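Listed below are the residues making up each chain.
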Amino acid sequence: MFETFYNFTNTPFSRSIPSKNLYTGDYDELIERLKYTAQKQLFAIVLGDSGCGKTTTLRRFVDETQHDNFFSLYLSDSKLTPRTFYKNLLEQLGFEAKYFRNDAKRQLHKEIEIMKGLNGTRPVAIVDEAHLLSKEMLEEIRFLLNFKMDSQSPMALILSGQTDLWDRLKLQSYAAIRQRIDIQCIVARLDRSKTNEYISAQLAFAGAGREIFTEAAIDEIFKFSGGIPRQINKACTESLIFGAQNRKNILDDRMVKMIVEQELIGGQS
Ligand SMILES: Nc1ncnc2c1ncn2[C@@H]1O[C@H](COP(=O)(O)OP(=O)(O)O)[C@@H](O)[C@H]1O
Ligand SMILES: [Mg+2]
């Protein structure tokens, strides 16, 4: 497709960019906070609008910490129930979960204590898409943190979700969970200059060796995307497809505007 026309060696603006090639920017600070959470076995919450880079940053965190004695357990399931929660965590540790929820919970705690005692491995449970979790599930997470009468939590816990997760946690009925949050991380949208950096990083990863979008084209991309990486990706990919078909080495604001208006805004339901 467009890769050949632009002499790319990798596909930019895609979901599958290796962790080491991701755009760093402010995400580095988020990674540091997550590493601190893992080291001190704390409870962190990651909040941000859809498409801002939460899941991608969690993936990078898992990749970067897997050789450091951390054991990350990643869950992303909107229909998670306490039973499937323990079952899933135990399976990731290599155990078959006991049938009853309370048995499975005790089993998880026991296995984690053994794992920590044997080789000092520090477990990190990551629950993505947490804004979709039921009240019952969120409360179960509270019990998980309560283990050992509050002296020390058995594992680090990272809850990641869209901003409305915070609106829910602000409710009185969630006060017990909210009060236990040690670290709060906000994944913000990119501003205009970071959008520029993000696009340059993607093109560098692709092996472009030169700029393809004009400054005014980036203004249009920023306007359309609101600085949300997933939307930037859409605008850039569509523009590159159009550019390759029409043999345009440079993509300007006029082209981007037309594509955004005809293909993206018009095409969104
Ligand atoms: N640091 C980054 N470097 C490169 N691409 C990124 C980065 N963060 C996000 N993206 C891109 O944006 C898309 C949306 O990010 P994602 O992590 O799925 O958002 P969220 O989980 O917040 O909804 C990803 O598929 C990826 O292509
Ligand atoms: Mg996500």
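Criteria and thresholds
- Residues numbered from 1 in each chain as written.
- Chains lettered and ligands numbered in written order.
- Predicted model: local features only at pLDDT ≥ 70, side-chain atom pairs only at ≥ 80, totals over all residues.
- Pairing = 2+ DSSP bridges.
- Helix = DSSP H or I, 4+ residues; strand = E, 2+ residues; numbered from the N terminus.
- Axes fitted to C-alpha atoms, helices over the stretch in contact; angles between N-to-C directions.
- Domains from an automatic or database assignment.
- Contact = placed C-beta atoms within 7 Å.
- Near = placed C-beta within 6 Å.
- Nonpolar A, V, L, I, M, F, W, Y, C, P; charged D, E, K, R; others polar.
- Core = buried A, V, L, I, M, F, W, Y, C linked by C-beta atoms within 7 Å.
- Buried ≥ 20, exposed ≤ 12 C-beta atoms within 10 Å, placed from the backbone.
- Expected span 1.5 Å × (residues − 1).
- Arc of directions from axis to C-beta.

1. A look at the sheet that holds strand β2 (residues 70-75)
(1) Moving on: Here 5 strands make up an open sheet; going across it, the order is β2-β3-β4-β1-β5 and the pairing parallel. The sheet is open, and its two borders are formed by β2 and β5 (183-187), each paired with just one other strand. Direction aside, the axes of adjacent strands within the sheet are offset by 15° on average.
(2) Moving on: Strand direction decides the pairing type here: β2 and strand β3 (residues 122-127), joined by 6 bridges, are parallel.

2. Concerning the domain arrangement of the protein chain
(1) Moving on: Assigned domains of the protein chain: these are domain 1 (27-187) and domain 2 (190-265).
(2) Moving on: Inter-centroid distance (C-alpha atoms) of domain 1 to domain 2 is 36 Å.
(3) Moving on: Each side of the interface is counted separately: domain 1 has 4 residues, and domain 2 has 4 residues.

3. Focus on the site of ligand 1
(1) Moving on: Taken together, 16 residues lie around ligand 1, and Gly-53, Lys-54, Thr-55, Thr-56 and Pro-229 are the ones closest in.
(2) Moving on: Counting only elements with at least two residues in the shell around ligand 1, the list comes to α3 (54-65) and α11 (229-245).
(3) Moving on: Partitioning the shell around ligand 1 into residue classes produces 6 nonpolar, 7 polar and 3 charged.
(4) Moving on: Split by domain, the shell around ligand 1 shows at least three residues from each of two domains, domain 1 (27-187) and domain 2 (190-265).

4. Some words on the nonpolar core
(1) Moving on: In this structure, Ala-44, Val-124, Ala-125, Leu-157 and Ile-158 are the most contacted members of the largest nonpolar core, which totals 42 residues.
(2) Moving on: Leave out the neighbours within four places in its chain, and Ile-158 touches Leu-34, Thr-37, Ala-44, Val-46, Val-124 and Ile-126.
(3) Moving on: Of all hydrophobic cores here, the second largest spans 24 residues; its members include Leu-203, Phe-205, Ile-218 and Leu-251.

5. A closer look at unusual backbone geometry
(1) Moving on: Phi is positive for Asn-7, which is not a glycine, with a value near 55°.
(2) Moving on: Counting through the fold element by element, Asn-7 comes out in the loop between α1 (2-5) and α2 (27-40).
(3) Moving on: One non-glycine residue with positive phi stands out, namely Arg-247, at about 50°.
(4) Moving on: Relative to the elements of secondary structure, Arg-247 occurs in the loop between α11 and α12 (253-265).

6. Some words on the pairing of β3
(1) Moving on: Most of β3 is tucked away: 5 of the 6 residues are buried.
(2) Moving on: In the sheet, β3 pairs with strand β4 (residues 156-161) via 4 bridges, with the strands oriented parallel. Paired with Val-127 across the bridge in β4 is Leu-159.

7. Some thoughts on the environment of Arg-230
(1) Moving on: Residue position: Arg-230 is located in helix α11.
(2) Moving on: As for Arg-230 and Gly-53, which are separated by 177 residues in sequence, their C-alpha atoms are 7.9 Å apart.

8. Looking at helix α5 (residues 101-119)
(1) Moving on: The terminal C-alpha atoms of α5, which comprises 19 residues, lie 27 Å apart, in line with the 27 Å expected from a rise of 1.5 Å per residue.
(2) Moving on: By the burial criterion, the buried members of α5 are Ala-104, Lys-105, Leu-108 and Ile-112. Down the axis, α5 shows its buried residues gathered within 105° of arc, on one side only. In α5, the exposed positions angled more than 90 degrees off the buried face are occupied by Asn-102, Asp-103, Lys-110, Ile-114, Gly-117 and Leu-118.
(3) Moving on: Those residues of α5 hidden inside the fold are in contact with α4 (82-93) and β3.
(4) Moving on: Two residues or fewer past α5, Gly-120 is found with a positive phi of approximately 70°.

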